[in-house]
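Understanding the architecture of this molecule
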Amino acid sequence: MSPTSPANPGCPTRRLTTAQALVAFLARQYTERDGRRQRLISATWGIFGHGNVAGIGQALVEAGGGRSGAGNGAAHRMPYLQGRNEQAMVHAAVGYARQSGRLSAHAVTTSIGPGATNLVTGAALATINRLPVLLLPGDTFATRPADPVLQQLEVEYAGDVSVNDCLRPVSRYFDRITRPEALIPAALQAMRVLADPAGTGAVTLALPQDVQAEAYDWPEEFFAERDWHVRRPAPDAHELEAAVRAVRSARRPLIVAGGGIRHSAAEETLAAFTAATRIPVASTQAGKGALRHDHPADVGGIGHTGTATADELARTADLVIGIGTRFSDFTTASGTLFANPAVRFLHLNITGFDAHKLAALPLVADARAGLEALTAALAGRGHRVDPAYETEYTGAKEAWEERVEASFATPDPTARPTQTQVLGLLDALVTEDDILINAAGSLPGDLHKLWRTRSRDQYHVEYGYSCMGYEIPAAIGVLLAAEGRTPRRPVWALVGDGTYLMNPTEIVTAVQENLPLKLVVLQNHGYASIGGLSESVGAERFGTAYRHRDADGGFTGPPLPVDLAANAASLGMRVLRATTVDDLRTALSQARDAGGPTCVYVETETPDTVSGPPPAQAWWDVPVAETASRPAAVKAREEYDRQVAARRRHL
């Protein structure tokens, strides 16, 4: 006869360690939305040390932690994925969550000390981008048999603080499990937050290493399968009526599509709304792909890295309809973009916090549910923008496409390619099946302005945190999320040399798992994006080039003899080197067809006036030194003062 729980008399119990109970619980959690059910935590990433090896590590062995989770009882096994860097494991989990529509996530376990603090950057990225990931860092002893233990931070004024407290401000939920039975409410709260479309992000359960290994009689009810319904909240009737009035009274409305459209799977609903109203759609980095690039209403990226078409429409818009966007400074051009004195804002967002930004009319709802309600309400009253406005923006879009073609053009196939020509060659190669991943450097700006997105999930640029080193592990997460599809989707990670040097370690993971990652490394000998920004703000590209020191101690000598292609090869990748446009065209094609991890390495040329990207179409506020003696800084400050004068607060 099974023992019963003292907390629930008559309820059978199971004696497990805290770590074993947590893994068994996680394997039985599911999300459900629109009738589709999937595992909430489908796998656990881990790097083991003394803080988790005997707890979570042993529990994963008990749970049959092979990658596939195959065998008897496979539905409740917990697959294990081996990472090389704790931050990178979180990035991989975030990539997986985004590709899974935030309906499925990964857990990440680490030891105490540096393993735990390495999670902080990834946690911040997850929370800023509103993407779910479960963090399970080991912690110091709850019972304190020895104090301090290896890697423990001693805090003179508090005995209950550890380095894991660094994760509090970057987590949407945080708890420290100091007793086994405390896991029950904490685990349920963690699942609630992970499955909450308005509140998701990084969730941290700090696990003292002694508590992980401590046994307890757990109620069997704790291990029952549990479904977490992912809500689609509908708009309030009063807010909907106000939104309808705002749209009907607008003469130059503009939609700003954000990542919430993708998270809500609202792309078709947005297309139906634009078909009915003909309102043009600009996109943030997270929202790009909400409409295909060739959709008549799509006018491209908006803001500092946006298109001339979208930004000119933004300057004259009398109603800006934000859908699922945070309205960051890149989108608003630091408060200078929406210049019409009469401009007003309508924000459809699942969180009231975002819906009220810029003193907007709020429409707090799921993006798809809100768009469906708005479309239906407008349909009964007949509303469509003036045909002259539609002709204006479609004509401007055609003119911008000519600039895209000029940037992608490769007049000399024997020349070294520019960065935008690399994108042009990829553009000519990919189909709607391909997925492009990027996060930092000059590539996000070029992609936002120029890339022709062919499917809702092709464009995967992490720009909420713009974290160097995200691309390679995120691509692994995307590949894992897309497993089982035939044929397998080509997944490209695009990185510059600066980003590559930040975090190439998960190449080893891609090789270990034989994942067909397509890595494109662009060598330009330094931080091209920050170099350009440095020049524009009068800092004269200081500290942005990867070069030997010169006689004066600066960094203007020959390029460093760093061979990133050899490095990638040493980590197990097949490497294709390209030196010319023709070489690169062939290498990219071979990489796309490859069945294993493949790197295309190319040294890029400084862009010229024919093939370089169009300049920024809107401003971005990076403060310039108010006093300086060097001419470059003095000139930059004059330009800064001119630009900042156009900023306004929308009240």
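Remember, it's a predicted structure, so these values are computed and weren't measured experimentally.

In spatial order, the strands read β5-β4-β6-β7-β9-β8; together these 6 strands make up an open sheet with parallel pairing. Because the sheet does not close on itself, it has two edges, and the strands there are β5 (80-82) and β8 (173-176). Neighbour-to-neighbour, the strand axes of the sheet open up by a mean angle of 20°, direction not taken into account. Across 3 bridges, the pairing between strand β4 (residues 41-46) and β5 is parallel. Bridged to G46 within β5 is Q82.

Our next topic: the sheet that holds strand β19 (residues 459-461). One open sheet holds the 6 strands; their spatial order is β19-β18-β20-β21-β23-β22, and the pairing between them is parallel. A single partner strand is all that each edge strand has here, and the edge strands are β19 and β22 (574-578). Neighbour to neighbour, the strand axes of the sheet diverge by 20° on average, direction disregarded. Note that strand β20 (residues 491-496) and strand β21 (residues 517-523) share 6 bridges and pair parallel. Looking at β21, one finds that L494 is bridged to V520. With respect to the sheet, helix α16 (residues 419-429) is in contact with β20, β21 and β23 (598-603), its orientation differing from that of β20 by roughly 175°. On the sheet, helix α18 (residues 471-481) packs against β18 (435-438), β19, β20 and β21 and is oriented at approximately 175° with respect to β20.

Attention shifts here to a nonpolar patch on the surface. A cluster of nonpolar side chains, L501, L560 and V562, forms an exposed patch at the surface whose accessible area comes to about 220 Å². One can find L560 in the loop between α21 (528-536) and α22 (564-570).

Our focus in this paragraph is the packing of helix α8 (residues 237-249) against helix α14 (residues 367-379). Across the interface, α8 lies against α14 with an axial gap of 10 Å and an inter-helix angle of 60°. Considering the angle they form, α8 stands oblique to α14. Note on packing geometry: the crossing formed by α8 with α14 is right-handed. Contacts from L240, A243, V244, V247 and R248 of α8 reach α14 at A373, L374, A377 and L378. Taken together, the residues of the contact of α8 with α14 sort by class into 8 nonpolar, no polar and 1 charged.

Along the chain, D147 connects to P148 via a cis peptide bond; the corresponding omega equals 10°. Following the sequence through the fold, P148 ends up in the loop between β7 (133-139) and β8. You will see that S334, though not glycine, has its phi angle at about 55°, which is positive. Among the secondary structure elements, S334 is positioned in the loop between α12 (329-332) and β16 (344-349). Residue S334 is classed as buried on the basis of its relative accessible area of 9%. At R541, a residue that is not glycine, the phi angle is positive and equals roughly 60°. Counting through the fold element by element, R541 comes out in the loop between α21 and α22.

Procedures and definitions
- Residues numbered from 1 in each chain as written.
- Predicted model: local features only at pLDDT ≥ 70, side-chain atom pairs only at ≥ 80, totals over all residues.
- Heavy atoms only, no water.
- Pairing = 2+ DSSP bridges.
- Helix = DSSP H or I, 4+ residues; strand = E, 2+ residues; numbered from the N terminus.
- Axes fitted to C-alpha atoms, helices over the stretch in contact; angles between N-to-C directions.
- Contact = heavy atoms within 4.5 Å.
- Patch = residues over 30% accessible without salt bridge, like charges linked within 9 Å, V, L, I, M, F, W, Y side chains within 5 Å.
- Areas by Shrake-Rupley, 256 points an atom, 1.4 Å probe, with all protein chains shown as cover.
- Salt bridge = Lys/Arg side-chain N within 4 Å of Asp/Glu carboxyl O.
- Parallel < 35°, antiparallel > 145°, perpendicular 65-115°, else oblique.
- Left-handed = near helix turned anticlockwise from the far one by under 90°.
- Nonpolar A, V, L, I, M, F, W, Y, C, P; charged D, E, K, R; others polar.
- Buried < 20%, exposed > 50% of the residue type's maximum accessible area, 1.4 Å probe, protein only.

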